[in-house]
Structures are given as C-alpha cells and as structure tokens.
Amino acid sequence: MENDVGEIVDLYIPRKCSATNRPLTAKDHASVQINIGKVNEDGLYTGEFETVAISGFVRGKGLADDALNRIVDTKGLLDDIKKK
C-alpha cells in the first residue's frame, strides 16, 4: 500500500522466489536470499548488488544451482565471464 507521496507504508512485504515467482512464507525455513555483488572491470566490488531469493521448494528439488545460473544470466551478470 502506498501513501499520498508514493512511499510504501506496508509493515510486511513478502518476498518472492526469483525462480518460480512463488511467495516465500514465514514458515519456509529452507529458503535463502543471496546478494550477488557487482564488480568493475578491475574486479573490485563497487558496493552495488543484485538480490536473488530461492524458495525451499526449488532447493528441495535440487534445482537451485540451475535456477541461480538462469537468473544471473537473465539479469546480465555473467556477460563479462561469457566473453572470456
């Protein structure tokens, strides 16, 4: 919910799985949230990051590594590595 200024004023905003778009409930203790740091051309961390959340369902099926690779490829975080 937003106020008149456009700021989000909800007390709780549920996260969603980046792979399946399922909501991550409070009881999903197997879910993880990973911050992937961005680096410059010298390989130094710039202070920016992309957040990826993976649900316990995906992790339980053994598909987390494939889902993570697909997500970072979609976000363009592997472009520099693919060129080498």
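What comes next concerns the included structure. (Residues numbered from 1 in each chain as written. Predicted model: local features only at pLDDT ≥ 70, side-chain atom pairs only at ≥ 80, totals over all residues. Heavy atoms only, no water.)

### Notes on the environment of F49
So, point 1. Note on placement: F49 falls in strand β2 (residues 45-54).
So, point 2. The partly exposed category is assigned to F49, whose relative accessible area is 44%.
So, point 3. Residues contacting F49, with those up to four places away along its chain left out, are N35, I36, G37 and K38. (Helix = DSSP H or I, 4+ residues; strand = E, 2+ residues; numbered from the N terminus. Buried < 20%, exposed > 50% of the residue type's maximum accessible area, 1.4 Å probe, protein only. Contact = heavy atoms within 4.5 Å.)

### Quick notes on the pattern of salt bridges
So, point 1. For the coordinates displayed, the defined rule picks out two salt bridges.
So, point 2. For the salt bridge of K38 with E50, the shortest nitrogen-to-oxygen distance reads 3.3 Å. Remark: E50 occurs in strand β2 and K38 occurs in strand β1 (residues 32-39); sequence separation between them is 12 residues.
So, point 3. For K75, the salt bridge is made with E50, and the minimal N-O distance between the two is 3.3 Å. (Salt bridge = Lys/Arg side-chain N within 4 Å of Asp/Glu carboxyl O.)

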